[in-house]
Amino acid sequence: MSVFVYQTFEIKQDKFKEAIENLKEMKKFRNENYNHKVEILTPISGKDHTYSFLSTYEGLAEMELQNKKMFDDEEYLKLISEFFLENVVQGSMYTQIFRSLNDGKE
């Protein structure tokens, strides 16, 4: 059963260009080095500086394992620390975790 992690955050207006470049780096790094898929979602409606990550994992256990690997990785910690400290409005991150619904037997 897939698990989806949806994280929204607001980018500082004066750091927009740097933030977008950093988002792309984080997406590439995570997709190449860890066993999950990450997408960056850009706003079409709503607040124009609110962006999102959508991460897809094979299950809850896989999500926990991948998160442990990421937060033990100094290179990833450097990427994410710079991004959140320099480019994101403090207190604007919101995280939701979803799982796919089993179709079940008929």
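Scroll up for the structure.
Residues numbered from 1 in each chain as written. Predicted model: local features only at pLDDT ≥ 70, side-chain atom pairs only at ≥ 80, totals over all residues. Heavy atoms only, no water.

Asks: Got a sec to walk through the overall build of the protein chain? Specific residues and values, please.
Replies: Looking only at helices and strands, the protein chain features three helices and four strands. Starting at the N terminus and walking to the C terminus, you meet the elements of the protein chain as β-α-β-β-α-α-β. Viewed in the frame of its principal axes, the protein chain has a C-alpha envelope of about 55 × 35 × 20 Å. Residues classed as buried in the protein chain amount to 32% of the 106 residues present. (Helix = DSSP H or I, 4+ residues; strand = E, 2+ residues; numbered from the N terminus. Buried < 20%, exposed > 50% of the residue type's maximum accessible area, 1.4 Å probe, protein only.)

Asks: Let's hear about the nonpolar core: which residues, and what values?
Replies: The nonpolar side chains of soluble globular proteins are, as a tendency, buried together. Judged by nonpolar contacts, the single largest core of 21 residues is most densely connected at Phe 9, Ile 11, Leu 23, Met 26 and Phe 83. Taken together, the elements giving at least two residues each to this core come down to strand E1 (3–10), helix H1 (16–33), strand E3 (50–57), helix H2 (60–71) and helix H3 (74–87). Apart from the residues lying within four places of it in its own chain, the contact partners of Ile 11 are Phe 16, Ala 19, Ile 20, Leu 23, His 49, Tyr 51, Asn 87 and Val 89. (Core = buried A, V, L, I, M, F, W, Y, C linked by side-chain atoms within 4.5 Å. Contact = heavy atoms within 4.5 Å.)

Asks: Would you mind going over the sheet that holds strand E4 (residues 94–99) in detail, with residue names and values included?
Replies: Pairing is antiparallel in the open sheet, where four strands are placed in the order E2-E3-E1-E4. At either end of the open sheet lies a strand with only one pairing partner, and these are strand E2 (37–41) and E4. Averaged over all adjacent pairs, the angle separating strand axes in this sheet is 15°, with direction ignored. Here E2 pairs with E3 via five bridges, running antiparallel. Note that in E3 the partner of Lys 37 across the bridge is Thr 56. Lying on the sheet, H1 is in contact with E1, E2 and E3; it crosses E2 at an angle near 160°. (Pairing = 2+ DSSP bridges. Axes fitted to C-alpha atoms, helices over the stretch in contact; angles between N-to-C directions.)

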